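Summary of structural features
As a plain string of letters, each chain reads:
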Amino acid sequence: MEILHATQDDLAKITEIYNQNIATKNATADLTPVSIASRQEWFDAHSKTRPIFVLKLENSVVAWGSFSDFYKRSAYDITAEISIYVDKNARQSGIGSKLLAFMLDIAPSLGIKTILAIIFAHNKPSISLFNKFGFEKFGLLPQVCDMQEFIADVLIMGKRV
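Attention in this report is confined to the structure presented alongside it. None of these values were measured; they are calculated from a predicted model.

Turning to the layout of surface pockets, a few remarks are in order. The volume enclosed by the largest pocket comes to roughly 980 Å³. The wall of the largest pocket is formed by 39 residues, among which Ala27, Ile84, Tyr85, Asn123 and Ser126 lie closest to the centre. Listed by contribution, the elements that provide at least two residues to the lining of the largest pocket are helix 1 (11-24), helix 2 (36-45), strand 3 (60-69), strand 4 (79-86), helix 3 (95-106), strand 5 (114-120) and helix 4 (124-132). For the lining of the largest pocket, the residue count by class is 20 nonpolar, 15 polar and four charged. For the second largest pocket, the calculated volume is near 190 Å³. In this structure, the second largest pocket is lined by Trp42, Ala45, His46, Ser47, Arg50, Phe67, Ser68, Asp69, Lys72 and Glu81.

Written as structure tokens, this is what we have:
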């Protein structure tokens, strides 16, 4: 297992893993699959202080995680949103925990002091993962997301590092 900075060559697998989560309506508010081309701008927007990481097993990407700006004003530079997505064939294997532990360790070196995880309130596996690492409930946004078949609440979890 190795965790590396994502490269352009990883974007196709990152997009594939992301699209797996669209169908579940558990981890993203996108409602239809996205293309690699449509994810290029998102990929390019990440920087040295807001990187994307991939976790590889036997040279194959099985999970990815990213730090993103929480809010585009300089006073918020100490706060980042974290996202972690695991390939459907690697879930429940501890991969998400390994990636989250790595990202928590590296966050201070990126100037990050507070990490926010923005999670659907019905996404019990993600809530459990972040709870395990000491994230707390920072807020709840009730009924803010129309998932077509249901209206979802969004939970904001946070941790100071």
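The rest of the description comes next.
A separate point is the sheet that holds strand 1 (residues 2-5). An order of 1-2-3-4-5-7-6 is seen for the seven strands of this open sheet, with the pairing classed as mixed. The sheet terminates laterally at strand 1 and strand 6 (136-146), the two strands that pair on one side only. When strand polarity is set aside, the average angle formed by the axes of neighbouring strands in this sheet is 25°. As judged from the three bridges shared by strand 4 and strand 5, these two strands associate in the parallel manner.

Attention shifts here to the pattern of salt bridges. Evaluation of the coordinates by the stated rule reveals six salt bridges. Asp69 is the salt-bridge partner of Arg50, the closest N and O atoms lying 3.0 Å from each other. Placement of the pair is Arg50 in the loop between helix 2 and strand 2 (52-57) and Asp69 in strand 3, with a sequence separation of 19 residues. What you see here is one network of salt bridges that share partners, running through Lys13, Glu16 and Asp87.

Turning next to helix 3. Helix length check: helix 3, at twelve residues, gives a terminal C-alpha distance of 17 Å against a target of 16 Å (1.5 Å per residue), a fit within 8%. Those residues of helix 3 not exposed but buried are Ile95, Gly96, Ser97, Leu99, Leu100, Met103 and Leu104.

Across seven bridges, strand 5 lies against strand 7 (residues 151-160) in antiparallel orientation. Its bridge partner lying in strand 7, Ile119 is registered against Leu155. Of the strand pairs in this sheet, strand 6 and strand 7 are connected by seven bridges, and their pairing is antiparallel. Paired with Leu140 across the two strands is Leu155, which belongs to strand 7.

Criteria and cut-off values
- Residues numbered from 1 in each chain as written.
- Predicted model: local features only at pLDDT ≥ 70, side-chain atom pairs only at ≥ 80, totals over all residues.
- Heavy atoms only, no water.
- 1 Å grid on protein atoms, 1.4 Å probe; cavity = no way out; pocket = protein on both sides within 12 Å on 5 of 7 lines; lining within 4 Å.
- Points joined across faces, edges and corners; volume = space filled by probe spheres on them.
- Helix = DSSP H or I, 4+ residues; strand = E, 2+ residues; numbered from the N terminus.
- Nonpolar A, V, L, I, M, F, W, Y, C, P; charged D, E, K, R; others polar.
- Pairing = 2+ DSSP bridges.
- Axes fitted to C-alpha atoms, helices over the stretch in contact; angles between N-to-C directions.
- Salt bridge = Lys/Arg side-chain N within 4 Å of Asp/Glu carboxyl O.
- Expected span 1.5 Å × (residues − 1).
- Buried < 20%, exposed > 50% of the residue type's maximum accessible area, 1.4 Å probe, protein only.

So far we have only geometry, and geometry alone does not tell us how the molecule works.
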